[in-house]
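# Per-entry structural report
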Amino acid sequence: MGTPPQLTPAERASALAKAKASRQERSAVKSRIKSGELSISEVIALAQSNEVIAKMRVLEMVESKSGVGKIRGKALLEKLDISSTRRIQGLGRYQRAALLKEFELPTSLRRGKLIVLSGPGGVGKSTVAKKLREASDFVVIVSATTRPARFNEVAGVDYHYLTATQFDAAVKNNEFLEWAEFAGARYGTPRLPVETALSAGQSVLLEIEIEGAKQVKEKIPESVLVFLEPPSWEELVSRLEGRGTDSAERRASRLALAQEELAAASFFDKVLVNDEVEKVVASLIELASA
Ligand code: 5GP
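Residues numbered from 1 in each chain as written. Predicted model: local features only at pLDDT ≥ 70, side-chain atom pairs only at ≥ 80, totals over all residues. Heavy atoms only, no water.

The parallel open sheet is built from five strands, whose spatial order is 2-7-1-8-9. In this open sheet, the two strands that pair with only one neighbour each are strand 2 (139-140) and strand 9 (270-273). Pairing between strand 1 (residues 114-118) and strand 7 (residues 204-207): four bridges, direction parallel. From the neighbouring strand, L117 faces strand 7, where its bridge partner is E207. On top of the sheet, helix 9 (residues 191-199) reaches strand 1, strand 2 and strand 7; it is set at about 155° to strand 7, its chief contact. The strands touched by helix 13 (residues 277-289) are strand 1, strand 7, strand 8 (224-229) and strand 9; relative to strand 9, the strand with the most contacts, the crossing angle is about 155°. (Pairing = 2+ DSSP bridges. Helix = DSSP H or I, 4+ residues; strand = E, 2+ residues; numbered from the N terminus. Contact = heavy atoms within 4.5 Å. Axes fitted to C-alpha atoms, helices over the stretch in contact; angles between N-to-C directions.)

So, in structure tokens, the structure goes:
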């Protein structure tokens, strides 16, 4: 073995900066794999032209996939006869094919997309959800709530109306994917219909408030959070005030809440302005097929 080359301080600094940039790029790729934005086949394709990705370990790529993790990742590589220190650029032809086969399921077996539509109360989420249900094969999940039904609502269609005791029991039995309190009532997404539809490859829409959206993202990182914004604050106020179905007190508390909610848009994957319902619906359909 020869002695390591002597680097000048400038060369050392530049090597360190390069290593840092590579680490950052690798970690960005891993989070894109995790969110489902990049598939395994796309990463392998990118490795042809990107040195940082080419040098990434296959294990790192595989374990970044949502639902795989370290233990399953290792087991999977063992099954495919790929060494855990192998880098993407070092994959043989058969190993590459085996990996692609493992991860690229036929459409019929592919999980559906979960889209979470959120935004301030009164912005028109439920109108969008209704139109989407009519215009596409999206499964729009019916939530549970403890608030009383409005005169124009139908049990089982708009919501499952539960008593506080029934809601408590559902929480205790872990029946909700998420639940949150909003304007003095509780709202929750039933877990089972979401899982069933996603496993069948169907696109799913949840129309829920912001706290719930955060919880869904934590549990299902590949979900896409969409924030629906009013064309203007004035428009939102007039929509909430024109809502004859709520008491004055409830409308006032909703306005205050809406103000807080508007400030929360930053952690969403996508912001859509609700100036035209049809346009929003088309964007959601496009997101699901992306
Ligand atoms: P509303 O009482 O006007 O029907 O709904 C009040 C708020 O609760 C809306 O922002 C609506 O999106 C949200 N919401 C409806 N269902 C759910 C749910 O299952 N979970 C959560 N977290 N929020 C929900």
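One open sheet accounts for four strands, arranged 4-3-6-5; its pairing is mixed. Unpaired on one side and paired on the other, strand 4 (159-161) and strand 5 (176-182) mark the two borders of the sheet. Ignoring which end each strand starts from, the neighbouring axes of this sheet average 25° apart. Judged from the six bridges that link them, strand 5 and strand 6 (residues 185-190) form a sheet pairing that is antiparallel. Within strand 6, the residue paired with A180 across the bridge is Y187.

This next bit is on the packing of aromatic side chains. Counted by the stated rule, this structure contains seven aromatic pairs. Measuring from centroid to centroid gives 6.2 Å for F182 and Y187, while their planes differ by 80°, and the two rings are edge-to-face. Take F182: its relative accessible area is 9%, and that puts it in the buried class. With relative accessibility at 12%, the residue Y187 sits in the buried group. Taken together, a centroid distance of 5.1 Å and an interplanar angle of 70° make the contact between F227 and F268 edge-to-face. In this pair, F227 is assigned in strand 8 and F268 in the loop between helix 12 (248-262) and strand 9, connecting sequence segments 41 residues apart. Given a relative accessible area of 8%, F268 falls into the buried group. By the ring-pair criterion, three or more aromatic residues cluster together here, those being Y159, Y161, F182 and Y187. The residue whose ring lies beneath R186 is W179, and the NZ or CZ to ring-centre distance is 5.9 Å. (Phe/Tyr/Trp six-rings, centres within 6.5 Å; stacked < 30°, edge-to-face > 60°. Buried < 20%, exposed > 50% of the residue type's maximum accessible area, 1.4 Å probe, protein only. Lys NZ or Arg CZ within 6 Å of the ring centre and 35° of its normal.)

The next thing to look at is the packing of helix 7 (residues 125-135) against helix 13. Interhelical geometry of helix 7 versus helix 13 gives an angle of 60° and a closest axis separation of 9 Å. With respect to their mutual orientation, helix 7 and helix 13 come out oblique. Of the two possible hands of crossing, helix 7 and helix 13 adopt the one that is right-handed. Residues T127, V128, K131, L132 and A135 of helix 7 form the contact with helix 13, whose own contacting residues are V277, E278, V280, V281, L284 and I285. Taken together, the residues of the contact of helix 7 with helix 13 break down into eight nonpolar, one polar and two charged. (Parallel < 35°, antiparallel > 145°, perpendicular 65-115°, else oblique. Left-handed = near helix turned anticlockwise from the far one by under 90°. Nonpolar A, V, L, I, M, F, W, Y, C, P; charged D, E, K, R; others polar.)

With that settled, consider helix 11 (residues 233-241). For helix 11, every residue scored as buried is listed here: L236, V237 and L240. Viewed end-on, helix 11 has its buried residues packed into an arc of 100°, placing them on one side of the element. Tucked into the core, helix 11 has its buried residues touching helix 12. (Arc of directions from axis to C-beta.)

On to the environment of R87. For R87, the position within the fold is in the loop between helix 5 (69-79) and helix 6 (93-103). Counting along the chain gives 26 residues from R87 to M61, while the straight-line C-alpha distance between them is 9.5 Å. Sequence-distant contacts of R87, defined by excluding residues within four places in its chain, comprise A54, K55, M56, R57 and V58. Within the structure, the side chain of R87 is placed 2.8 Å from the backbone oxygen of K55, a separation counted as a polar contact. (Polar contact = N/O pair within 3.5 Å; in protein donor to acceptor, adjacent residues only side chain to side chain.)

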